[in-house]
Amino acid sequence: MRLSLALVALLTLVGERAGAQTAVVTSAAPDAVAVTIYRAPSRAADEPMDLDWLEGYALITETRTVDVPAGEATIRFEGVAGGMLPETALVTGLPQGVREKNLDADLLSARSLFDRNWGRPVILRRHKGRDGKGTQTEERAVIRSSADGAAIVQTRDGIEVADCGRGLTDEIVYPELPPGLSARPTLSVRTVSDSARRAVVKLSYLAWGFDWQTNYTIRYDPGSGKADMLAWVTLASSDPTSFVDATAAVVGGEVNREGSREDADRPDGELVLQCYLKPLVPPPAVEPPGIAVPSPMVASYAPAAEIIVTAQRRSVRLMDVATVVQEEGLGDLKLYRVPVPTTVASNAQKQVAMHDLHGVKWTVLHTAMLGGASDNRVTELLLRTKNATENGLGFALPGGPVALFEPHGGDMLLVGQGGLGNYAIGQDVEVSVGTSPQVRVRVEERAEGDHWHDYEAIVTNANPWPVRFEGTVTQWDGQTLEKVSAKLGRQNGRAQWTVTVPANGEARLRYRRRDAP
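Source: prediction; values computed, not measured.

Peer 1: Before we go on, may I ask you to explain the overall build of the chain in this structure?
Peer 2: Along the chain, the regular secondary structure elements total two helices and 33 strands. Of all 517 residues assigned to the chain, the portion counted as buried reaches 42%. For the chain, the proportion of contacts with a sequence separation of at least 24, taken over those separated by at least 6, is 74%. For the chain, the accessible area works out to roughly 27300 Å², and carbon and sulfur atoms hold 51% of it.

Peer 1: Help me understand the environment of Thr191, please; the structure alone is not making it clear to me.
Peer 2: Inspection of the secondary structure puts Thr191 in strand 12 (residues 186-193). Of the residues examined, Thr191 reaches a relative accessible area of 2% and is grouped as buried. Along the sequence, Thr191 and Pro69 sit 122 residues apart, while their C-alpha atoms lie 9.8 Å from each other. Excluding anything up to four places from it in sequence, Thr191 contacts Gly71, Glu72, Ala73, Ile75, Leu94 and Gly97. Here Gly97 takes part through its backbone oxygen, which lies 2.6 Å from a polar atom of the side chain of Thr191.

Peer 1: When you look at the sheet that holds strand 31 (residues 489-491) in this model, what are you seeing that I'm missing?
Peer 2: Where strands meet in a sheet, backbone hydrogen bonds hold them as pairs that are either parallel or antiparallel. The sheet built from nine strands is open, its strands ordered 30-33-28-27-24-23-29-32-31 with mixed pairing. Each edge of the open sheet is held by one strand with a lone partner, namely strand 30 (480-482) and strand 31. Across this sheet, the average inter-strand angle for adjacent strands is 40 degrees, counted without regard to direction.

Peer 1: Sorry if this is basic, but what is going on with the side chain of Thr74 here?
Peer 2: For Thr74, the location among the structural elements is in strand 4 (residues 71-78). For Thr74, the contacting residues outside a window of four places in its chain are Thr22, Ala23, Val24, Val25, Ser188, Val189 and Arg190.

Peer 1: Would you mind going over the pattern of salt bridges with me for this structure?
Peer 2: Once their charged atoms are close, side chains differing in charge can pair, the charge on each being opposite to the other. Per the stated rule, a full pass over the model turns up 21 salt bridges. With a closest N to O distance of 2.9 Å, Arg43 and Asp211 form a salt bridge. Remark: Asp211 occurs in strand 13 (residues 197-221) and Arg43 occurs in the loop between strand 2 (32-38) and strand 3 (56-68); sequence separation between them is 168 residues. Exposure remark for Arg43: the relative accessible area of 9% places this residue in the buried category. Within the structure, one salt-bridge network assembled from shared partners comprises Arg442, Glu444, Arg446, Glu456, Glu506, Arg508 and Arg510.

Peer 1: Mind showing me how you'd approach the environment of Phe405 here?
Peer 2: Along the chain, the position of Phe405 falls in strand 25 (residues 400-408). For Phe405 and Val415, which are ten residues apart along the polypeptide, the C-alpha to C-alpha distance reads 5.6 Å. Contacts of Phe405, omitting those with residues within four sequence positions, involve Thr217, Ile218, Arg219, Tyr220, Met412, Leu413, Leu414 and Val415.

Peer 1: Can you walk me through the packing of aromatic side chains in this structure?
Peer 2: Note on aromatic pairs: each is described by the distance of the centres and the angle between the planes. Summed over the entire model, instances satisfying the criterion amount to four aromatic pairs. Pairing Tyr38 with Tyr57 gives two aromatic rings, centres 5.2 Å apart and planes at 10 degrees, and the pair type is stacked. Separated by 19 residues along the polypeptide, Tyr38 in strand 2 and Tyr57 in strand 3 bring together distant segments of the chain. Tyr57 carries the same exposure label as Tyr38, and that label is buried. Judged by centre distance (5.8 Å) and plane angle (35 degrees), the ring pair of Tyr455 and Tyr511 falls under tilted. Of this pair, Tyr455 sits in strand 28 (residues 452-461) while Tyr511 sits in strand 33 (residues 506-514), placing them 56 residues apart in sequence. Across from the ring centre of Trp212, 5.8 Å away, lies the NZ or CZ of Arg39, which sits over that ring.

Peer 1: Just to check I follow, could you spell out the nonpolar core for this structure?
Peer 2: Considering soluble globular proteins, one finds that nonpolar side chains tend to be buried as a cluster. Ranked by size, the top nonpolar core spans 61 residues in total, and within it Ile60, Phe77, Tyr205, Phe243 and Trp362 carry the most contacts. Take this core: its biggest share by element is ten residues, from strand 13. Not counting chain neighbours up to four residues away, the residues in contact with Ile60 comprise Val33, Ala34, Val35, Ala81, Leu203, Ser204, Tyr205, Ala207, Phe210 and Phe243.

Peer 1: What should I look at first to understand the confidence of the model for the chain in this one?
Peer 2: Low pLDDT marks stretches whose predicted atomic positions should not be read closely. Across the chain, pLDDT averages 79, with 78% of residues at or above 70. The least confident element of the chain, judged by mean pLDDT, is strand 17 (residues 301-309) at 31; the most confident is strand 2 at 95. Below pLDDT 50 for its whole length, residues 260-267 participates in 15 contacts with residues either more than four positions away or in separate chains. Note that residues 277-321 has pLDDT below 50 and, in this model, 83 contacts with residues that lie over four places away or in other chains.

Peer 1: I tried to follow unusual backbone geometry on my own but got confused; where do I start?
Peer 2: What is expected of a backbone is that most residues other than glycine have negative phi and most peptide bonds are trans. The backbone of Asp245 sits at a positive phi, close to 50 degrees, despite the residue not being glycine. Tracing the chain through its elements places Asp245 in strand 15 (residues 243-252).

Peer 1: Would you mind going over the pairing of strand 27 (residues 428-449) with me for this structure?
Peer 2: Each regular strand carries side chains that alternate between the two faces of the sheet. Pairing geometry for strand 24 (residues 374-386) and strand 27, over ten bridges, is antiparallel. The residue of strand 27 that forms the bridge with Leu382 is Ser432. Relative to strand 28, strand 27 runs antiparallel, the two being bridged by ten bridges. By the bridge assignment for strand 28, Glu445 is matched with Tyr455. The turn linking strand 27 back onto strand 28 is made up of two residues, and His451 within it adopts a positive phi angle of 70 degrees.

Definitions and cut-offs
Residues numbered from 1 in each chain as written. Predicted model: local features only at pLDDT ≥ 70, side-chain atom pairs only at ≥ 80, totals over all residues. Heavy atoms only, no water. Helix = DSSP H or I, 4+ residues; strand = E, 2+ residues; numbered from the N terminus. Buried < 20%, exposed > 50% of the residue type's maximum accessible area, 1.4 Å probe, protein only. Contact = heavy atoms within 4.5 Å. Areas by Shrake-Rupley, 256 points an atom, 1.4 Å probe, with all protein chains shown as cover. Polar contact = N/O pair within 3.5 Å; in protein donor to acceptor, adjacent residues only side chain to side chain. Pairing = 2+ DSSP bridges. Axes fitted to C-alpha atoms, helices over the stretch in contact; angles between N-to-C directions. Salt bridge = Lys/Arg side-chain N within 4 Å of Asp/Glu carboxyl O. Phe/Tyr/Trp six-rings, centres within 6.5 Å; stacked < 30°, edge-to-face > 60°. Lys NZ or Arg CZ within 6 Å of the ring centre and 35° of its normal. Core = buried A, V, L, I, M, F, W, Y, C linked by side-chain atoms within 4.5 Å. pLDDT = per-residue confidence, 0-100.

Here it is, written out as structure tokens:
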């Protein structure tokens, strides 16, 4: 009898606890947010961002005010980054800490809505007539395919492909939201408190799908050898969440970070359905109406039309007023902070001024490799300077794309594009901005003997102004140079011929290259 009473009491206690509802508190948005963007670890400094696949990441710190109830509760932080790495999330400020956290990142999009409705009833709205402007009917249907391929539905008449000709234009109407989909990325944490209180919570985490770079525009004056140099910091985000009036910053330098998230596919929410009118293989047998199809049907077909529903489009927005970033030290790295609140918008880019310089000393030169006999070929166009104050620089230069402009009449025309690596103060800076068809070089063989060859390199300049040319004379192991017609210098351990080629003129170098005995 005592055992039975004890068992009844235990079951009653368990029932009361099971019936008790855990309080759910929702924080809709942060009070303040800071976004610090790091470059893609695998992208070279002078390589432009791939806007269709951003591989950098951001450290996001949010401050939120939350009313925490007494007892156990689930706190929902809505509007976090969709690319959040939940294992990096750190929540501080809750009375007794965090017991459990979970990222609800299965977001509402055209693709996820179609996928999550597989096997569920929907409404097939059909327009009959030209351009869908005729009569309209609605009928119930069941989605029988995934978001990859055709929109296969089952109606009272059997299984068919929606929006596949026959003078009909079909639309799928979803009567309800499938469970498990969220309109906004949400991080849920479970906590407990001995009393109800208001807490100021700080949430910090890393998020995938961001990147940044520096873009340089150089307007070079060949007459003075100086240039105006404008540098912009370009912030890019492919995240579905916008961070409004954020404290924004970017970090220059290479940060070593390893993880598997970078290799995972990141769904973009876009739904691409194809209308298969001409099967290349016999289609699978159609199940009679009323019998459930256990899995999406797969077959190889030749597409004859496409249905494309785009969930999001990327936009480009520039700041109306240039705001100059401020450079700060961060250990061996550099941090560039935007001094005013900045909105890091969803699926967008933003540019903020970094430097607006005048009178920067650059040397423009043409280069080529001089080896054996070769046909007439173009030369490489280089920009060269030293990152020093006497040249109008003297600060860290983060890598990024470079566009070179030169005057032509009253206009500035683009003459080359390239990439600038990361350069510290005091380093020699060199940027390749393409090739020059106006300055060409060829090497002709003049004579040969026992283990030696005589060559002549001819450089021609079709420009109406003189140019500087640097030719590197290649030598294989053990080879020596003899009977050189001009004095050669050395750069990076190689013989180098430096000459000024006159306007609409040419320059020549003769040399003998002797093989090792």
